[in-house]
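Here is how the chains run, residue by residue.
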Amino acid sequence: MYSVSTEDSVNLKATGVDRVLQNVANIMRTIKGEIPLLREFGVGQSLDKPTNQIQGLYTKEILEQVEKYEPRAKIKKLEFSIEYEKVSINAQVEVIRIE
């Protein structure tokens, strides 16, 4: 089991398991529409909703996005830290396979 956070730094030379984990972190920290040629990638921006709704929406979107864009990873647990104007997400991830 591995830990991934939206606060993790980007390693452009990551390979193997580290690359899979970095891909999951990228999904969690990218806002939908932010990547011009891949508008559906990432999670929606829902900061104007109550905290419990934000967590539910983000959880659903992250699980769907990881399944679609990084099927080598399986999210086991998501934890949210919501502070004024900032959402940090930590995930426990199982890497299913590395090719």
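Summary of the structure given here. (Residues numbered from 1 in each chain as written. Predicted model: local features only at pLDDT ≥ 70, side-chain atom pairs only at ≥ 80, totals over all residues. Heavy atoms only, no water.)

**What about helix H2 (residues 51-69)?**
Then, in step 1: End to end, H2 covers 26 Å across 19 residues, agreeing with the expected 27 Å (1.5 Å per residue, within 8%).
Then, in step 2: Within H2, the full set of buried residues consists of Ile54, Tyr58, Glu61, Ile62, Gln65 and Val66. For H2, the buried positions fall inside an angular range of 130° around the axis, keeping them on one side. Exposed and oriented more than 90 degrees from the buried face of H2 are Asn52, Glu67 and Lys68. (Helix = DSSP H or I, 4+ residues; strand = E, 2+ residues; numbered from the N terminus. Expected span 1.5 Å × (residues − 1). Buried < 20%, exposed > 50% of the residue type's maximum accessible area, 1.4 Å probe, protein only. Arc of directions from axis to C-beta.)

**Remarks on the pattern of salt bridges**
Then, in step 1: For the structure shown, the criterion picks out five salt bridges.
Then, in step 2: Between Glu40 and Lys32 there is a salt bridge, with its nearest N and O atoms 4.0 Å apart.
Then, in step 3: Owing to a relative accessible area of 34%, Lys32 belongs among the partly exposed residues under this scheme.
Then, in step 4: The closest approach of N and O atoms between Glu70 and Arg72, which form a salt bridge, is 2.8 Å.
Then, in step 5: A residue is classified by how much of its surface remains accessible, and Glu70, at 2% relative accessible area, is buried. (Salt bridge = Lys/Arg side-chain N within 4 Å of Asp/Glu carboxyl O.)

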